[in-house]
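Results of the structural survey
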Amino acid sequence: MSILVRPLPKISESFLLIKIEQFVELVNSEASFRKISNNELLRILTFNLNQCLALYEPKTFDYSEHINAFWYGCDQLGLLDSGYYNGLRLSEAEIECLINHIRQYSQQKEFKRKVSDRCYQTKQNRQSLENHIRQQQEKYSRLLVVRVDFGYAKEKQDVIKITDVYTHLEMMNRERDG
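Only a predicted model underlies this, so the values are computations on that prediction, with no experimental measurement involved. (Residues numbered from 1 in each chain as written. Predicted model: local features only at pLDDT ≥ 70, side-chain atom pairs only at ≥ 80, totals over all residues. Heavy atoms only, no water.)

**Here's the deal with the overall build of the protein**
Cut-off, in case you're wondering: By definition, any uninterrupted DSSP run of H or I lasting at least four residues is a helix, any uninterrupted run of E lasting at least two residues is a strand, and each is numbered from the N terminus. This radius of gyration counts C-alpha atoms alone. The globule rule is 2.2 Å times how many residues there are, raised to the power 0.38. Buried, partly exposed and exposed residues are distinguished by accessible area as a fraction of the type maximum, computed with a 1.4 Å probe on protein chains only: under 20%, between the cut-offs, and over 50%, respectively. Note on contacts: a residue pair is in contact if any heavy atoms of the two residues lie within 4.5 Å.
From N to C terminus, the protein includes nine helices and zero strands. The secondary structure elements of the protein, listed N-terminal to C-terminal, are α-α-α-α-α-α-α-α-α. Its C-alpha atoms give the protein a radius of gyration of 20 Å, more than 25% over the compact-globule value 16 Å for 178 residues. Each of the three principal axes of the protein carries a C-alpha extent, and together these read 75 × 40 × 30 Å. Relative to its full complement of 178 residues, the protein shows a buried share of 28%. Taking all contacts inside the protein whose residues are at least 6 apart in sequence as the whole, residues at least 24 apart take part in 70%.

Encoded structure:
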């Protein structure tokens, strides 16, 4: 008897990282274990756990506090050591353990401080940009501020890696600075 195995669809790295952050926020919202275990986010993460684990590159990237909380939980379960999960669904006990480790990590003063610092820095950056634009508009009356959003074609989003994005940004900055 042969078993037909379908290849798992490739999901973009940014999608998975966003889902990890949302999952950690759900865990920290004091939601019950039942609510978390029945949540779509958990299904997405456990179904794509190998892809999630493949994103772990601490020497290359500096992750947000929420992503670090997820890595901590995975590390406590021994998932980061192997770099590959056996493909089975996490048991209810493993899920509860992951949730507890994420909550434990998220209750640390350092975690809360970094979240607060990131929010503060974001606010400062926005205010600084607004002040700079205001000063430039006062100096140059005909100044037009243009916001340019870059993105990737929808059909390419699942193959673009985060390292590709950084490479493209560096190339764009080099061209601009020319």
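**Focus on the packing of helix α5 (residues 65–76) against helix α8 (residues 109–139)**
Basically, it comes down to this: Angles shown run from 0 to 180 degrees and are taken between the N-to-C directions of axes, each axis being a line fitted to C-alpha atoms and, for helices, limited to the stretch in contact. Put simply, angles under 35 degrees are roughly parallel, angles over 145 are roughly antiparallel, angles from 65 to 115 are roughly perpendicular, and the rest are oblique. Residues were grouped as follows: Ala, Val, Leu, Ile, Met, Phe, Trp, Tyr, Cys and Pro as nonpolar; Asp, Glu, Lys and Arg as charged; and all remaining residues, including Gly, as polar.
Remark: α5 packs on α8, axes separated minimally by 10 Å, with the N-to-C direction vectors making an angle of 155°. Relative to α8, the element α5 is oriented roughly antiparallel. On α8, the residues touching Glu-65, His-66 and Ala-69 of α5 are Phe-111, Lys-114, Val-115 and Arg-118. Looking at the contact of α5 with α8, its residues break down into three nonpolar, one polar and three charged.

**A short note on the nonpolar core**
Condition: Only buried residues count toward a nonpolar core. Its members are Ala, Val, Leu, Ile, Met, Phe, Trp, Tyr and Cys residues joined through side-chain atoms within 4.5 Å.
In this structure, Ile-20, Phe-23, Phe-70, Trp-71 and Ile-102 are the most contacted members of the largest nonpolar core, which totals 33 residues. When contributions to this core are tallied by element, the ones reaching two or more residues are α1 (13–28), α3 (40–47), α4 (49–54), α5, α6 (79–82) and α7 (92–106). It is α1 that provides the largest number of residues to this core, a total of seven residues. Each residue touching Phe-23, except ones within four places of it in the same chain, is listed here: Ile-36, Leu-41, Leu-42, Leu-45, Phe-70, Leu-98, Ile-99 and Ile-102.

**A closer look at the packing of aromatic side chains**
Our working rule: Two rings from Phe, Tyr or Trp (for Trp, the six-membered ring) form a pair when their centres are within 6.5 Å of each other. A pair whose planes differ by under 30 degrees is stacked, one over 60 is edge-to-face, and the rest are tilted.
Going through the model one piece at a time under the given rule, you end up with eight aromatic pairs. Pairing Tyr-72 with Tyr-105 gives two aromatic rings, centres 5.1 Å apart and planes at 35°, and the pair type is tilted. Taken as a pair, Tyr-72 in helix α5 and Tyr-105 in helix α7 lie far apart in primary sequence, 33 residues in all. Residue Tyr-105 is classed as buried on the basis of its relative accessible area, which comes to 19%.

**Comments concerning the side chain of Lys-19**
As a reminder, the rule being used: Neither His nor the chain termini are counted; the positive set is Lys and Arg, and the negative set is Asp and Glu. Note on definitions: salt bridges are taken to be side-chain nitrogens of Lys or Arg within 4 Å of carboxyl oxygens of Asp or Glu. Any N or O atom pair separated by 3.5 Å or less is treated as a polar contact, with the protein-specific requirement of one donor-capable and one acceptor-capable atom, and with residues adjacent in sequence counted only for side-chain atom pairs.
When you line up the elements, Lys-19 lands in helix α1. Buried Lys-19, no salt bridge; nearest opposite-charge side chain is Glu-40, N-O distance 8.1 Å. Reaching out from Lys-19, the side chain makes a polar contact with the side chain of Gln-22 at a distance of 3.3 Å. Here Lys-19 is in contact with Leu-41, Ile-44 and Leu-45, once residues within four sequence places are set aside.

**Considerations on α7**
Helical periodicity: at 3.6 residues per turn, an α-helix aligns residues three or four positions apart in one direction. What counts, and what does not: Given a helix with a known number of residues, its expected span is that number minus one, times 1.5 Å.
Taking 1.5 Å of rise per residue, the 15 residues of α7 would be expected to cover 21 Å, and the 21 Å separating its terminal C-alpha atoms lies within 8% of that figure. Along α7, the positions that sit buried rather than exposed are Ile-95, Leu-98, Ile-99, His-101, Ile-102, Arg-103, Tyr-105 and Ser-106. Summarising the contacts, the buried residues of α7 are in contact with α1, α2 (33–37), α3, α5 and α8.

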